[in-house]
Amino acid sequence: MAEFCEDCWKEINQYNDIMCKYSLSKECEICEGCGEYKRVVVVKRRLKFSRRIKVSFELFKQHYYVFRIRLRNLCSKND
């Protein structure tokens, strides 16, 4: 199995998912992507359901506040 550090893993897969977490090796190994001596990705795992709900709620809250600010600015321009 190929061994890549977390940075190379994300770059190769073009994948930056907040909902996933990676298990890294306990000892440092040579990354096959960058050739540096780092901890490498052993397995990718999903977050627990409760954590997934919390992350989703936080993302919703951020988008909601941005929407409110934009709506307020739009309404103030019309006055």
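Structural notes, computed from the coordinates. (Residues numbered from 1 in each chain as written. Predicted model: local features only at pLDDT ≥ 70, side-chain atom pairs only at ≥ 80, totals over all residues. Heavy atoms only, no water.)

### Observations concerning the packing of aromatic side chains
As enumerated under the stated definition, the model contains 2 aromatic pairs in all. Taken together, a centroid distance of 6.3 Å and an interplanar angle of 20° make the contact between Phe60 and Tyr64 stacked. With Phe60 and Tyr64 both in helix H2 (residues 49-78), this residue pair falls 4 residues apart, about one helical turn. A relative accessible area of 54% places Phe60 in the exposed class. An aromatic cluster is built from Phe60, Tyr64 and Tyr65, whose rings are joined through pairwise contacts. (Phe/Tyr/Trp six-rings, centres within 6.5 Å; stacked < 30°, edge-to-face > 60°. Helix = DSSP H or I, 4+ residues; strand = E, 2+ residues; numbered from the N terminus. Buried < 20%, exposed > 50% of the residue type's maximum accessible area, 1.4 Å probe, protein only.)

### Let's talk about the pattern of salt bridges
Under the definition given, this model contains 4 salt bridges. Between Glu6 and Lys10 there is a salt bridge, with the nearest N and O atoms lying 3.8 Å from each other. Placement of both Glu6 and Lys10 in helix H1 (residues 6-13) is noted, with a separation of 4 residues, approximately one turn of the helix. Lys61 is paired through a salt bridge with Glu58; the nearest N and O atoms lie 3.7 Å apart. Taken together, the residues Lys61 and Glu58, both in helix H2 and 3 residues apart, mark about one turn of the helix. Residue classification places Lys61 among the partly exposed positions, given a relative accessible area of 30%. A cluster of three or more residues bridged by salt bridges with shared partners is formed by Asp7, Glu36 and Lys38. (Salt bridge = Lys/Arg side-chain N within 4 Å of Asp/Glu carboxyl O.)

### Some thoughts on the side chain of Ser25
By the secondary structure assignment, Ser25 is in the loop between strand S1 (20-24) and strand S2 (29-30). With near-sequence residues (within four places) excluded, Ser25 lies in contact with Arg39, Val40 and Val42. (Contact = heavy atoms within 4.5 Å.)

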